[in-house]
Structure formats: C-alpha cells, structure tokens
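# Reading the structure
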Amino acid sequence: MTALPEPTRGEFPWEIPDHLLSIEEYAALGETDSGFTELVEGRLVMSPSPSRRHNKAAYRIVQALEPQLPADLDFNLDVDIDLGFAPPGEAGSSRRPDVILTYREANERVDRAQAMFRADEVVVVIEIVSPGSKRTDYVTKHDEYADAGIPFYWIVDLSNPVSLVACHQAGELGYQDAPAATGKFRTTEPFTAELDLTTLLD
C-alpha cells in the first residue's frame, strides 16, 4: 500500500493519487476544509461544501426524527459509509450521505476504532438533493445504496414543494420507490415516524 502524505487542516496538501484507492487508503487521507471527498471505484470524487439552506434542512430532519427513533437506532451527520463493493486492499467505494440512521452499537464500534460505517450497519440513508446532485442522488446513489444492501433510502428534494421519495429494498429488484410525498411524510418502516417537510425551509 502506498504511503500518503499527512493532510494539513484547511488545505488540500496531497496530490491526486496516481492509482485506484482502497478504502484503507481513502480513510488515511483524512479531512480537509475545502470540501469533502467520496470514493467511487477507487477514484476520488470532490464535493463542494453544502449550502446553509442544505445544512439547515439536514439539522431539522434530525431534530424531528431523533425523538421518534427506537432505542436501538441513532443518527449521524456527514459520515462515511464503506459500501463494501471490494475486499480490503482493492479499489473501494465510499459515500458520505447527509444523514444516516444506524444501529446504536455500530456507533460504539466506529468511535472505538475511528473507522467508517459498514453498509450492513446502516438502516436508513437520507440524501438532500443539491442543484448539482440531482442525477447523482436520484440515479447513481440510488443504485449504489441498493447494491450495498442498505434497507431504506430517503431522497429529500428542497425544490418547491419540498418532497421526499422513500425507497426500500425489494429483493433482487433493488429499491422500490414510493411516490414523492409532500406536506407530511408518514411511515411505519423501519419505524413509525412523521416528518413535516414544510418545516425544512424558512
């Protein structure tokens, strides 16, 4: 495994690698303040920092859902998921959703090991659509999260009216998508919850 330079906070100090990265190499890159990265089949994908509007919506989603979570689930904001598409040491794929709902015991493992979540520890992925991410969120990540075996994927679109498309695993067919919900989104899976979509924006 090629050693990578130690990142410096607030900079992008390392050169773009000249080879496909494994999950382990990607994790070793650390964090930067100039926007975060994701890993797609070993290739770095740079993402701009989310807008204040985007961040506020994520915060309000968590604020609304946290009291409704069952005891075995917890939430996380902007953390990496190893999608598990490749064995250790080979070109991997990792995404950083806006919000994920995970098993509480997985949080303890990640904190202890300073590692990223595995796809099998994630129950719900929530992505908030940005102007430049519509196809990525609705098509690319939709298929990736389904292939990774994540049971539920919620796509929140802040366009007027704010909407939520709830996707759930349907066996070999991948995700089955419910019609876009507006106003109040209600669900009984994977837990009973209600989210007033009209409160996500000022």
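Note that the structure is predicted; figures quoted are calculated from it, not measured. (Residues numbered from 1 in each chain as written. Predicted model: local features only at pLDDT ≥ 70, side-chain atom pairs only at ≥ 80, totals over all residues. Heavy atoms only, no water.)

In this section: the overall build of the protein. Across its full length, the protein carries four helices and 14 strands. In the protein, buried positions account for 45% of the 202 residues. Taking as baseline every contact in the protein between residues at least 6 positions apart, the subset at least 24 positions apart corresponds to 51%. (Helix = DSSP H or I, 4+ residues; strand = E, 2+ residues; numbered from the N terminus. Buried < 20%, exposed > 50% of the residue type's maximum accessible area, 1.4 Å probe, protein only. Contact = heavy atoms within 4.5 Å.)

Attention shifts here to the pattern of salt bridges. Per the stated rule, a full pass over the model turns up twelve salt bridges. In this structure, the salt-bridge partner of Glu38 is Lys141, at a minimum N-O distance of 3.4 Å. Of the two residues, Glu38 sits in strand β1 (residues 36–40) while Lys141 sits in helix α4 (residues 134–147), which places them 103 residues apart along the sequence. Comparing Glu38 with Lys141 shows no difference in burial state: the two are buried. Ionic pairing is found between Lys134 and Asp157, a salt bridge with its closest N-O pair at 2.9 Å. You can see Lys134 sitting in helix α4 and its partner Asp157 sitting in strand β9 (residues 152–157), a full 23 residues away along the chain. (Salt bridge = Lys/Arg side-chain N within 4 Å of Asp/Glu carboxyl O.)

A cluster of acidic residues, Asp72, Glu105, Glu108 and Asp111, forms a negative patch at the surface. Relative to the helices and strands, Asp72 is located in the loop between α2 (52–65) and β3 (73–77). (Patch = residues over 30% accessible without salt bridge, like charges linked within 9 Å, V, L, I, M, F, W, Y side chains within 5 Å. Areas by Shrake-Rupley, 256 points an atom, 1.4 Å probe, with all protein chains shown as cover. Lys, Arg positive; Asp, Glu negative; His and termini not counted. Charge placed at Lys NZ, Arg CZ, Asp CG, Glu CD.)

Another aspect to go through is the confidence of the model for the protein. Taken over all residues, the pLDDT of the protein has a mean of 89, while the share at 70 or more is 89%. Low pLDDT (under 50) marks residues 1–13, which in the prediction has 24 contacts with non-local residues, meaning those over four places away or in another chain. (pLDDT = per-residue confidence, 0-100.)

Turning to helix α3 (residues 104–113), a few remarks are in order. Regarding α3, the residues found buried are Ala106, Asn107, Arg109 and Val110. Looking straight down α3, one finds its buried side chains confined to an arc of 165 degrees; they lie on one side. For α3, the exposed residues lying more than 90 degrees away from the buried face are Glu105, Asp111 and Arg112. On its buried side, α3 packs onto β3, β6 (99–103) and β7 (117–118). Immediately downstream of α3, the backbone of Gln114 shows phi near 50 degrees, a positive value. (Arc of directions from axis to C-beta.)

In a soluble, globular protein the nonpolar side chains are often hidden away together inside. Membership of the largest hydrophobic core comes to 27 residues, with the highest contact counts inside it found for Ile61, Ile126, Trp154, Val156, Leu164, Phe185 and Leu200. Contributing elements (two or more residues each) for this core: α2, β6, β8 (122–129), β9, β10 (163–169) and β14 (193–196). At five residues, α2 tops the list of elements feeding residues into this core. In terms of nonpolar packing, the next biggest core, distinct from the first, is built from 19 residues, Ile81, Val129, Ile150 and Ile155 among them. (Core = buried A, V, L, I, M, F, W, Y, C linked by side-chain atoms within 4.5 Å.)

So, about the packing of aromatic side chains. Throughout the structure, instances matching the rule amount to three aromatic pairs. Seen in terms of ring centroids, Tyr153 and Tyr175 are 6.1 Å apart; in terms of plane orientation they differ by 35 degrees. Their pairing is tilted. Of this pair, Tyr153 sits in strand β9 while Tyr175 sits in strand β11 (residues 175–177), and the two are 22 residues apart along the sequence. Tyr153 sits in the buried class, given a relative accessible area of 0%. Residue class for Tyr175 comes out buried when judged on its relative accessible area of 8%. Every member of this aromatic cluster is reached through a ring pair, and the members are Tyr145, Tyr153 and Tyr175. (Phe/Tyr/Trp six-rings, centres within 6.5 Å; stacked < 30°, edge-to-face > 60°.)

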